[in-house]
Amino acid sequence: MPDLPPLTPRRAKEIKTKLGTLLQKPDSAIDFIIPYPEKPEKPAKAQKPSPEEALQWRDSLEKLLQNPYGLASFRSFLRSEFSEENAEFWVACEDYKRTKSPVKMAEKAKRIYEEFIQTEAPKEVNIDHFTKAMTMKNLVEPSPSSFDMAQKRIFALMEKDSLPRFVRSEFYQELIK
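We now turn to the structure provided with this report. (Residues numbered from 1 in each chain as written. Predicted model: local features only at pLDDT ≥ 70, side-chain atom pairs only at ≥ 80, totals over all residues. Heavy atoms only, no water.)

## Concerning the overall build of the protein
From N to C terminus, the protein includes nine helices and zero strands. Ordering the α and β elements of the protein from the N terminus gives α-α-α-α-α-α-α-α-α. Counting all 177 residues of the protein, 36% fall into the buried class. Contacts spanning at least 24 positions in sequence make up 63% of the contacts within the protein whose residues lie at least 6 apart. Carbon and sulfur atoms form 57% of the exposed surface of the protein, whose accessible area is close to 11,500 Å². (Helix = DSSP H or I, 4+ residues; strand = E, 2+ residues; numbered from the N terminus. Buried < 20%, exposed > 50% of the residue type's maximum accessible area, 1.4 Å probe, protein only. Contact = heavy atoms within 4.5 Å. Areas by Shrake-Rupley, 256 points an atom, 1.4 Å probe, with all protein chains shown as cover.)

As structure tokens, then:
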């Protein structure tokens, strides 16, 4: 028997994901959704905010996420902590809600599910079992609100955990000088 290459945790996760995809039950809602072609993310071309505007972000995650420069800064901070999946999921959900075409909506729903929701997803977000089950149920017939419950849970998590750390970070401190 030939020697196999060593199995790293990352490689094990990739294999598990691929096997999981192959072993999915044919009656799964996700099987009815068309694959989503990958598009490179366009960098935000945003003007640096005034210190006064940046100061408002410490009390409002919503204002931070609505500002292109604030969102980019927040994502850079989360990336530096290896925890950017929550912000990426939130952005993907916002993009999904703006989708008008049912075909494109189904494509995006599949991508979001596979990237962030399914167990062992590459960027799996931390949501409870009930929220995950409700989200999967919502994907049987994708609608603009399919991910609302999961998005609200992740928003609350970022507001409670990530935002306070961001406000104490050098990323933010440089903005309010």
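## A closer look at helix α6 (residues 102–117)
Counting buried positions along α6 yields twelve of 16 residues, so the element is predominantly enclosed. Those residues of α6 that fall on the buried side of the exposure criterion are Met105, Ala106, Glu107, Lys108, Ala109, Lys110, Arg111, Ile112, Tyr113, Glu115, Phe116 and Ile117. In this structure, the buried residues of α6 make contact with α5 (85–97), α7 (129–138) and α8 (148–168).

## Observations concerning the packing of helix α4 (residues 68–80) against α5
With their axes 8 Å apart at the nearest point, α4 and α5 run at an angle of 145 degrees to one another. Contact residues: α4 offers Leu71, Phe74, Arg75 and Leu78, while α5 offers Ala87, Glu88 and Val91. When the residues that make up the contact of α4 with α5 are grouped by side-chain class, the tally is five nonpolar, no polar and two charged. (Axes fitted to C-alpha atoms, helices over the stretch in contact; angles between N-to-C directions. Nonpolar A, V, L, I, M, F, W, Y, C, P; charged D, E, K, R; others polar.)

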